[in-house]
Amino acid sequence: MTTKETWFLVLEEDGKWGIGECGILRGLSADDRPDYKTKLHWVCENIHLGERTLWEALMEFPSIQFGVEMAFLSLKSENPFLLFPSDFTNGSQSIVINGLVWMGEPSFMKAQIEEKIAQGFSCIKLKIGAIDFDKELALLGYIRTHFSENQIEIRVDANGAFNSNEALHKLNQLTGFKLHSIEQPIAKNNTDTMTELCRTTPFPIALDEELIGVFSLADKEQLLKDIQPQYIILKPSFVGGFRGTQEWITLADKYKIGWWITSALESNIGLNAIAQWTYLQNSKMPQGLGTGALYTNNFDCPLEVEKGQLWYRKDANWHFDKAIFS
């Protein structure tokens, strides 16, 4: 992936301004549809309706819900980038995050693993399913040869790559590496098979893509009741912003399902808002944040990753010119 389509909503009122980010991942976001820009224009023309009414009208456009929510929060704040003041934003506390290892040739993935460990990450997330499975097993074996489960937590993400008929066999092959969890072992919308996998899996399964496009509270609850996963992974721009994410968290807690929050490759503007909100959720698990470094044209901001933790350096400045949106 070399580009990320992103739009920014900028609100101005009484000399103040706020900004929200709306971004989609083609082929994955529920609102990757031809009328996306039309809906953005509709939001701008109807911004007077207010955040709550707009959010409810945008149920099938979760990334725009997120942008609207963020923009109104930003407008109401004394500082448009300080949405949720806390010990995180004052720089005294951090958020533990996982280090993401991208898919590629074994040598490329091995180099990334070594880099993440050297950088002080205690949890790494490894994409699997794109290369030969035996080579991926060898990579996991390489990690475990050098680092025990107490030293490095390993999460793997299959992105739905396993065939339904072979998924359980592959999960059993992965068991020996003491993995924390596997995300989305099979493609979404195979509810019966996923339910059976979650019931029989030798180690925890986390739903990710499975949550995309599930809009109503009733449908969210039904999905969790049916599949009963061990974890769910929440991307605010995929699941309806902070309000949509909170609905999933409330249901997950009800059914004793674990969860963590991750970004969907937002710019630092979106990542900043997600990180601030995530800190307030008081989760002790490593979160999936810190991906802003992927981009070559991002906005410089106070967020900094150090030794596997995301910090907010309050003395650092945003390098941001609102004029570019005028």
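Everything that follows concerns the structure shown earlier in this document.
Residues numbered from 1 in each chain as written. Predicted model: local features only at pLDDT ≥ 70, side-chain atom pairs only at ≥ 80, totals over all residues. Heavy atoms only, no water.

Colleague: Explain the packing of aromatic side chains residue by residue, including any values.
Modeller: Summed over all chains, the structure comprises 12 aromatic pairs. Look at F81 and W318: their rings are 4.0 Å apart centre to centre, the planes differ by 15°, and that puts the pair in the stacked class. Of the two residues, F81 is situated in the loop between helix 3 (62-76) and strand 3 (95-96) and W318 in the segment after strand 12 (309-312); the sequence distance between them amounts to 237 residues. Neither F81 nor W318 differs from the other in exposure class; each is buried. On the numbers, 5.5 Å between centres and 90° between planes, the contact of F84 with F242 is edge-to-face. Pair noted here: F84 is in the loop between helix 3 and strand 3 and F242 is in helix 10 (residues 241-254), with a separation of 158 residues, a long-range link. You can call F84 buried: its relative accessible area is 14%. With a relative accessible area of 4%, F242 lands in the buried category. By way of ring pairs, the aromatic residues F66, F84, F242 and W277 are connected into one cluster. Taking the ring centre of W260 as reference, the NZ or CZ of R155 above it sits at 4.0 Å. (Phe/Tyr/Trp six-rings, centres within 6.5 Å; stacked < 30°, edge-to-face > 60°. Helix = DSSP H or I, 4+ residues; strand = E, 2+ residues; numbered from the N terminus. Buried < 20%, exposed > 50% of the residue type's maximum accessible area, 1.4 Å probe, protein only. Lys NZ or Arg CZ within 6 Å of the ring centre and 35° of its normal.)

Colleague: Account for the state of the cysteines, naming residues and giving values.
Modeller: Tallied over the full model, the rule gives 0 disulfides. Of all cysteine sulfurs in the structure, the one in C198 sits closest to C123, which takes part in no disulfide; the separation is 19 Å. We classify C123 as buried; its relative accessible area is 1%. (Disulfide = S-S within 2.5 Å.)

Colleague: Outline the sheet that holds strand 3, listing residues and values.
Modeller: Pairing between sheet strands relies on hydrogen bonds along the backbone, with the strands arranged either parallel or antiparallel. Strand order in the open sheet made by the 3 strands is 3-12-11, with antiparallel pairing throughout. Each of the sheet's edge strands pairs with one partner strand only, and the pair in question is strand 3 and strand 11 (303-306). As defined by bridge partners, strand 3 adjoins strand 12 across 2 bridges and the pair is classed as antiparallel. By the bridge assignment for strand 12, V96 is matched with Q309. With respect to the sheet, helix 11 (residues 268-279) is in contact with strand 3, strand 11 and strand 12, its orientation differing from that of strand 11 by roughly 70°. (Pairing = 2+ DSSP bridges. Contact = heavy atoms within 4.5 Å. Axes fitted to C-alpha atoms, helices over the stretch in contact; angles between N-to-C directions.)

Colleague: I'd like a description of the side chain of T262, backed by residues and values.
Modeller: Take T262: it is sitting in the loop between strand 10 (258-261) and helix 11. Note on T262: relative accessible area 7%, which makes it buried. Within polar-contact distance, the side chain of T262 engages the backbone oxygen of G288 at 2.6 Å. When neighbours within four sequence positions are excluded, T262 is seen to be in contact with I233, L234, K235, P236, G288 and L289. (Polar contact = N/O pair within 3.5 Å; in protein donor to acceptor, adjacent residues only side chain to side chain.)

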